[in-house]
Every structure is written in structure tokens, then in C-alpha cells.
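Residue-level listing of the chains:
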Amino acid sequence: MTERAVAVVTGAGWWEGHPPGLGLSIASELCSAGHRVVVLDRETQPAEHSADKLRADGHHAIGMAMDVTDPLACKTTVTDILSKMGRIDVLVNAAALTLAPWGLRRFHEIKPEEVDQEMAVTLKGALNATREVLPHMLTHKRGNIVFISSVMAFEPSSRMTIYGLGKEALVN
């Protein structure tokens with residue numbers, strides 16, 4: 001019997017009382033398609049909460065913490081995933097950050113350190129995760145890597161400029 005594919009989804013954690021995000025929706029769809037799923041989030045609790053929800057629906061899922069802004073954390077977590085799951089067939093880079101909640105601030109109101117924070121998660125985070133997963137996929141000559149972008153990459157908003165730039169960079 002062929003072992004089911006393993007999908008890893010960044011930014012898929014969920015806090016009770018908050019609407020689930022795109023990462024959890026993607027993880028759920030991958031589970032429904034038969035994948036074993038690793039739900040990743042910056043903190044353990046939201047990742048495990050999402051995995052609990054998926055398991056309650058009868059799926060195979062585990063939740064783990066991984067700070068995508070930290071290359072060493074990405075390396076350690078990917079090594080741990082490979083140890084637990086044996087393989088990674090799909091990486092979905094869904095983690096993103098906007099510090100201007102749904103466009104409440106204009107570009108000139110955003111501080112330089114906030115730009116760094118947003119880009120560290122939205123752009124560099126995807127690159128960090130990919131850098132650690134890609135060698136495994138190349139060795140096994142299989143795998144898919146998905147970068148989740150946004151309409152903001154194509155229809156910029158003066159109130160979500162940095163988020164849009166990060167998402168646009170994932171497309172180009």
C-alpha cells in the first residue's frame with residue numbers, strides 16, 4: 001500500500017473565537033484530498049488547535065510551532081517533520097502578516113520596523129520554509145511548493161501597501 005502524501009501548511013493555526021484563516025481552509029482541503037497534514041503556526045497552541053479540528057473531522061493532522069522568520073527554526077522544524085512523517089510532498093506557504101488590520105493605516109503611517117516585520121513573515125518566511133523543504137523534494141524527485149498570494153498583489157491599496165508588496169514578490 002502506498003503511504004499517503006504529506007502536506008505542510010504554514011500559517012494554518014487558529015485561535016478559538018477568531019475566524020479560521022486561509023491556511024486552515026487549505027489544510028482542510030488537503031486532508032479531504034487524502035493528504036496527511038502538518039499544520040504550522042508561529043505558536044504551538046493555534047497549530048495544535050487547528051490539527052485538533054482536522055482530527056475531529058476524521059483526518060490525519062498534527063500541529064507544530066514554526067517561526068517562519070527564523071531560518072534555524074525552519075530547519076529544526078522541517079527535520080522534525082521528516083522524522084515524524086517520513087516525507088514532505090507538498091509545502092503551502094500561507095503565512096502572512098499585516099500590522100495594519102484590514103487597511104486602517106496609510107503607507108506614510110507605517111514605521112520602518114513594521115515593514116521589516118511584515119516582509120519577514122510574508123516574503124522571507126516563505127523563502128525560509130522553501131529553502132528547508134526543497135532539498136528533500138529534489139532528493140526524492142517529487143514535491144509541490146505553493147506560494148499563496150493575494151488580490152492585493154495585483155490591485156494595490158494605499159492602506160495595505162507592504163502586505164501587497166510581499167504578496168506581489170511571491171508571484172514574481
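Let me begin by describing the structure that accompanies this report. Owing to the predicted nature of the structure, the values given are computational and were not obtained by experimental measurement. (Residues numbered from 1 in each chain as written. Predicted model: local features only at pLDDT ≥ 70, side-chain atom pairs only at ≥ 80, totals over all residues. Heavy atoms only, no water.)

### Examining the sheet that holds strand β4 (residues 90-93)
Judged by pairing direction, the sheet is parallel, and its 5 strands sit side by side in the order β3-β2-β1-β4-β5 without closing on themselves. Of all the strands in the sheet, just β3 (61-65) and β5 (144-147) have a single pairing partner and so form its edges. For this sheet the average axis-to-axis angle between neighbouring strands, irrespective of direction, equals 15°. Sheet analysis places strand β1 (residues 6-9) next to strand β2 (residues 36-41), joined by 4 bridges and oriented parallel. Bridge pairing in β2 places Ala7 opposite Val37. Strands in contact with helix α1 (residues 22-32) are β1, β2 and β4; relative to β1, the strand with the most contacts, it is inclined by about 175°. Packing against the sheet, helix α2 (residues 44-56) makes contact with β2 and β3, and its axis sits at approximately 175° to β3. (Pairing = 2+ DSSP bridges. Helix = DSSP H or I, 4+ residues; strand = E, 2+ residues; numbered from the N terminus. Axes fitted to C-alpha atoms, helices over the stretch in contact; angles between N-to-C directions. Contact = heavy atoms within 4.5 Å.)

### Observations regarding the pattern of salt bridges
Opposite charge on two side chains makes pairing possible when the charged atoms of those side chains draw close. Following the criterion strictly, the structure yields 5 salt bridges and no others. With a shortest N-O distance of 2.3 Å, Asp52 and Arg55 are connected by a salt bridge. Here Arg55 and Asp52 lie together in helix α2, a separation of 3 residues that amounts to about one turn. Here the salt bridges do not stand alone but share partners, grouping Arg87, Asp89 and Arg142 into one network. (Salt bridge = Lys/Arg side-chain N within 4 Å of Asp/Glu carboxyl O.)

### A short note on unusual backbone geometry
Positive phi, normally seen in glycine, also occurs at Lys141, with a value near 55°. As for its position among the elements, Lys141 is in the loop between α4 (112-140) and β5. Judged by relative accessible area, Lys141 falls into the exposed class, the value being 75%. (Buried < 20%, exposed > 50% of the residue type's maximum accessible area, 1.4 Å probe, protein only.)

### Observations regarding the environment of Leu123
Of note, Leu123 is situated in helix α4. Spatially, the C-alpha atom of Leu123 lies 5.3 Å from that of Gly166, the residues being 43 residues apart in sequence. Apart from the residues lying within four places of it in its own chain, the contact partners of Leu123 are Glu118, Gly166, Ala169 and Leu170.

### Here's the deal with the environment of Arg36
As for its position among the elements, Arg36 is in strand β2. Note on Arg36: relative accessible area 9%, which makes it buried. The sequence separation of Arg36 and Lys111 amounts to 75 residues, and the corresponding C-alpha distance is 40 Å. At 3.2 Å, the side chain of Arg36 and the backbone oxygen of Arg4 are in polar contact. (Polar contact = N/O pair within 3.5 Å; in protein donor to acceptor, adjacent residues only side chain to side chain.)

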